[in-house]
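Next come the chains, spelled out residue by residue.
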Amino acid sequence: MLAAERAIGRAMLIELFRRKDLYVLGLLVLVLLGAAASIDFFGVEGVEAYLRELSTTLTLLFTVVIAVAVVARQIPREVERKTLVPILAKPLSRWQFLFGKFLGAVACLTAALVVFWASSALIEAFKGMRLTGLLVQGFVLQWLGLVMLTALALFFSTLVSEAPVSVTLSLLAYFLLKGFTSNIHILASGATGFGASALGLVYTVVPHFEFYDPTQMMAFAPLQKALGFLDWLFFAGYAFGYTAVFLAGAWLAFRRKRF
Amino acid sequence: MEPVLEIRNLSVTYGKGARAVKALDGVSLELVPGEIFGLIGPNGAGKTTLIKAVLGLIEPDRGEVRVGGEPGGSVAARSRLGYMPEVAYYYDFLRAGEFLRLCGRLCGMRGRALERRITSLLDRLGLAAHRRKLIKHYSKGMRQRLGLAQAMLHEPGLLLLDEPTSGLDPLARRDVRRLMLALRDEGRTVLFSSHELSEVETVCDRVAMINGGRLIVSGTMEEILRPYRSYRARLRTAEVERVRRACEPASIEERIDSCILVAKTIEELPRLLQRALEAGAVLEDVDHGYESLERLYAEIVEGA
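The model shown is predicted, which means the values in this text are computed figures rather than measured ones.

Engineer: Is there a simple way to explain the interface of chain B and chain A in this structure?
Structural biologist: How big an interface is tends to be stated in terms of accessible area lost as the parts join. Contact with chain B, which involves 22 residues of that partner, is made by 23 residues of chain A. Among the elements of the structure, helix H2 (75-78) and helix H3 (96-106) of chain B are those that each provide at least two residues to the side of chain B that touches chain A. Here the side of chain B that touches chain A is composed, by residue class, of 16 nonpolar, two polar and four charged.

Here it is as structure tokens:
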């Protein structure tokens, strides 16, 4: 099943490995370990929360940068290197090609996320902190957000022909959406009439990447409670729904493109 | 005979409005099984655009393409053809074996059958010893051969080769020509574009010439060059001008201590020869044949 898509995804992973792009991951892990190791535990109240916040924030930042750097460059780079034409001349649809790229990117980012979260867990264990099921919850939540981001970056990758532009647009879109969408809700609550309705609509329609930031959940004890089944159903459905929307957008932009 | 490739009234435009450039303008062609079809024309004539439109990489403004009865650009159509691009850019971070495995999987091949096919193709194209080498370490000739391998991998009935001998040394060119002939003998159809007119003359059963996006002429070499048939007599003479005057208006090509008298028909040859001999020339040799495709090409391109 999905043999062509898996083949495209596998080629993408081999490229990341052989071009040494993933070596950046190792460097970032060292940064994460170094930052955490530098924190002094003795006699400091609340340092556990700080450590968790730091490692989760760094993990989120690093994986977002890796995701965008890897995915947003995919199509422009293939066009620039002229490697796209011989592949698209094969009997596979453009959707299969895009979905293969998406699968390869998700596999790569899952691996990166595992490495980061495993490193965080190691640090916590080393510092004598108790490892809880929240680690798994945080991991899954962040993974869902990354899947969404991967589809968004792939969309920009099909939309523009310059890799740096695609990377910039993806990063801008992610950080703007993550930073400001929650504020729309606050603005809406202060507005009246049409303004309130319009802001409410915008709040409902725009993708909420901040849902998938586990920093608060991981760091602060009062909020450290497991998400219920319905919560997971919502978060997973929301992430996969937007992923489908972004992938459909990518396909619409890519399907009739001339090469 | 059912055509392998049908192109009807194909038009492609690049850009819009004032910047619009017509890359193809109402081109129609039909290729039958087991023939080598040459596509010739100057740079920018529309050869690559035509091939890309057949592949579905460029959607035409109007017209129709059918590959073995399937709509051009569809997955079913692409499964019936193999394509080798003009410039051999492949995933150079892969080894040749890995790249062919990827191509095979994209063509729906798998398992031992795929591995056997890869091995036999690499053997046939002289790349077996380089199977585990990264493509980025391949020479241009090796990349061209790898390009042929990936195009032939799924044994398609139609091969589209865009300038397959471009940048190759004479021996490698000869190998590619032999391969095309072998493919034709296997019953496959080869459509190839080239600037090398001698190559086209040597291997093609039929030729089409396009210029400015329009099909100028197409047919067998005999059909195309019939108006250019000529009879050539080599005459030894120290007085070429005297012979030229005697034979006017026939064409005389000057050589060192000799000249070539060109007669358009066999009927006018004896009369012209008689006049040349009377002007003091000595007959050395008579040859008959066609003007080369190069002359036709030059006339069409320069006259356009």
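Engineer: Just checking my understanding: could you explain the environment of Arg275 of chain B for this structure?
Structural biologist: Residues and elements named next belong to chain B. Secondary-structure assignment places Arg275 in helix H10 (residues 268-278). As for Arg275 and Glu30, which are separated by 245 residues in sequence, their C-alpha atoms are 47 Å apart. Beyond its immediate chain neighbours, meaning those up to four positions away, Arg275 contacts Ala246 and Cys247.

Engineer: Where do I start with unusual backbone geometry in this structure?
Structural biologist: Leaving glycine out, the prevailing phi sign among residues is negative, and the prevailing peptide bond configuration is trans. All names here are of chain B. Going from Glu248 to Pro249, the amide bond is cis rather than trans, its omega being 5 degrees. One non-glycine residue with positive phi stands out, namely Asn9, at about 50 degrees. Considering the arrangement of structural elements, one finds Asn9 in strand E1 (residues 5-14). Judged by C-beta crowding, with 13 C-beta atoms within 10 Å, Asn9 ranks as partly exposed.

Engineer: Hey, could you run me through the sheet that holds strand E4 (residues 62-67) of chain B in this one?
Structural biologist: Strand pairing in a sheet relies on backbone hydrogen bonds, with the paired strands running either antiparallel or parallel. Residues and elements named next belong to chain B. If you trace the four strands from one edge of the open sheet to the other, you get E2-E1-E4-E5, paired in antiparallel fashion. Only two strands of the sheet have a single neighbouring strand rather than two, namely strand E2 (21-31) and strand E5 (70-71). Bridge count between E1 and E4: five bridges; the pairing is antiparallel. Its bridge partner being in E4, Leu5 is matched across the sheet by Val67. The strands that helix H1 (residues 47-55) touches are E1, E2 and E4; relative to E2, the one it contacts most, it runs at about 65 degrees.

Engineer: Which parts of the structure should I look at to understand the packing of helix H1 (residues 3-18) of chain A against H3 of chain B?
Structural biologist: How two helices pack is summed up by the angle between their axes together with the distance between the axes. Two numbers describe how H1 of chain A lies on H3 of chain B: the axes approach to 8 Å, and their chain directions differ by 155 degrees. Of the possible angle classes, the one that applies to H1 of chain A and H3 of chain B is roughly antiparallel. Considering how the two elements wind past one another, H1 of chain A and H3 of chain B form a crossing that is left-handed. Each of Ala3, Ala4, Ala7 and Ala11 of chain A in H1 of chain A lies in contact with H3 of chain B, whose residues at this interface are Leu102, Arg105 and Leu106 of chain B.

The rules we used
- Residues numbered from 1 in each chain as written.
- Chains lettered and ligands numbered in written order.
- Predicted model: local features only at pLDDT ≥ 70, side-chain atom pairs only at ≥ 80, totals over all residues.
- Contact = placed C-beta atoms within 7 Å.
- Helix = DSSP H or I, 4+ residues; strand = E, 2+ residues; numbered from the N terminus.
- Nonpolar A, V, L, I, M, F, W, Y, C, P; charged D, E, K, R; others polar.
- Buried ≥ 20, exposed ≤ 12 C-beta atoms within 10 Å, placed from the backbone.
- Pairing = 2+ DSSP bridges.
- Axes fitted to C-alpha atoms, helices over the stretch in contact; angles between N-to-C directions.
- Parallel < 35°, antiparallel > 145°, perpendicular 65-115°, else oblique.
- Left-handed = near helix turned anticlockwise from the far one by under 90°.

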